[in-house]
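Okay, here's what each chain looks like letter by letter:
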Amino acid sequence: MSIGIFYGSNGGVTEGVAKRIEKVLGKNTDLIDISKTTAADFDACSSVILGTSTWGEGDLQDDWDDFFDTFKTVDLSNKTVALFGVGDQENYADTFVNGMGTLYMQAKKNGAVIVGNHVSAEGYDF
């Protein structure tokens, strides 16, 4: 079984981060563009990493937005899931990485076992 890194990227930043994660994790990882994904692609992965940027006033990246109704049907029961997100903290401080939050909430509803550090915004300069 592999680790699937599912990402959506408009300008290439999220894709670049996904590639860096893939490089660090090494073998048994699959880099998967969400625009080319089906719900069945998640079944082949023992663990999942979800990556998105946030657009506008806290919206999901376009390809994730298009896939989101399908994502709601993905069974993540007993799958370990981590997330990463990118966004514009200066112009959108109130909605910074909300796209990642949207994926987090749905992954939890889909039965995911979420791992990773929850980073506090305390002391963060927006």
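The shown structure was predicted, so the numbers you read here are calculated from the model rather than taken from an experiment. Residue indices begin from 1 for each chain and proceed along its sequence in written order. Given that this is a predicted model, residues contribute local features only at a pLDDT of at least 70 and side-chain atom pairs are listed and counted only at 80 or more, while totals for whole chains, interfaces and linings are drawn from all residues. Where side-chain values are given, they derive from all heavy atoms of the structure, hydrogens and water being excluded.

Counting its secondary structure elements, the chain contains four helices and six strands. Strands are runs of DSSP state E lasting at least two residues, helices are runs of H or I lasting at least four, and both sets are numbered from the N terminus onward. Reading the helices (α) and strands (β) of the chain from amino to carboxyl end gives β-α-β-α-β-β-α-β-α-β. Here the chain holds 126 residues, and 35% of them are scored as buried. The contacts in the chain between residues at least 6 apart in sequence include a share of 79% that link residues at least 24 apart. Working note: accessible area of the chain is about 7300 Å², and carbon and sulfur atoms make up 47% of it. To sort residues, take the accessible area from a 1.4 Å probe on protein chains only and compare it with the maximum for the residue type: under 20% means buried, over 50% means exposed, and anything in between is partly exposed. Contacts are residue-level and defined by heavy atoms, with any inter-residue pair within 4.5 Å sufficient. To be clear on the numbers: accessible area is Shrake-Rupley with a 1.4 Å probe, and residue cover counts the displayed protein chains and nothing else.

Time to look at a negative patch on the surface. Two distance rules govern patches: like charges are joined within 9 Å, and nonpolar side chains (Val, Leu, Ile, Met, Phe, Trp, Tyr) within 5 Å, applied only to residues with over 30% relative accessible area and no salt bridge. We define a salt bridge as a side-chain nitrogen of Lys or Arg found within 4 Å of a carboxyl oxygen belonging to Asp or Glu. Note that His is not counted, nor are the chain ends; the positive residues are Lys and Arg, and the negative ones are Asp and Glu. Where a charge lies is defined by one atom per residue type, namely NZ (Lys), CZ (Arg), CG (Asp) and CD (Glu). On the surface, a cluster of negative charge is made up of Glu57, Asp59, Asp62, Asp65 and Asp66. Broken down by element, the residue count for the negative patch peaks at three residues, all from helix H3 (residues 62–71). In this structure, aspartate 65 sits in helix H3.

A pair of aromatic rings is counted whenever rings of Phe, Tyr or Trp (Trp by its six-membered ring) have centres within 6.5 Å, and the orientation is called stacked for planes under 30 degrees apart, edge-to-face for over 60 and tilted otherwise. With the rule as written, the count across this model stands at six aromatic pairs. Here phenylalanine 6 and phenylalanine 42 contribute two aromatic rings whose centre-to-centre distance is 3.8 Å and whose plane-to-plane angle is 5 degrees, an arrangement assigned as stacked. A residue pair is termed long-range when its members are at least 10 positions apart, and phenylalanine 6 in strand S1 (residues 2–7) and phenylalanine 42 in helix H2 (residues 40–43) qualify at 36 residues. We note that phenylalanine 6, like phenylalanine 42, is buried. Here the aromatic rings of tryptophan 64 and phenylalanine 67 are separated by 6.1 Å at their centres, their planes lie at 75 degrees, and the arrangement is edge-to-face. Taken as a pair, tryptophan 64 and phenylalanine 67 lie in helix H3 at a separation of three residues, close to a single helical turn. Residue tryptophan 64 shares its accessibility class with phenylalanine 67, and that shared class is buried.

Only buried residues count toward a nonpolar core. Its members are Ala, Val, Leu, Ile, Met, Phe, Trp, Tyr and Cys residues joined through side-chain atoms within 4.5 Å. Counting residues in hydrophobic clusters, the biggest one holds 18 residues, and the most contacted among them are Phe6, Phe42, Leu50, Trp64, Phe71 and Leu76. Of all the secondary-structure elements, those providing two or more residues to this core are strand S3 (45–55), H3 and helix H4 (98–109). A total of four residues in this core trace back to one element, the largest contributor, which is H3. One finds Tyr7, Ala18, Ile49 and Phe84 within the second-largest nonpolar core, a separate group that totals five residues.

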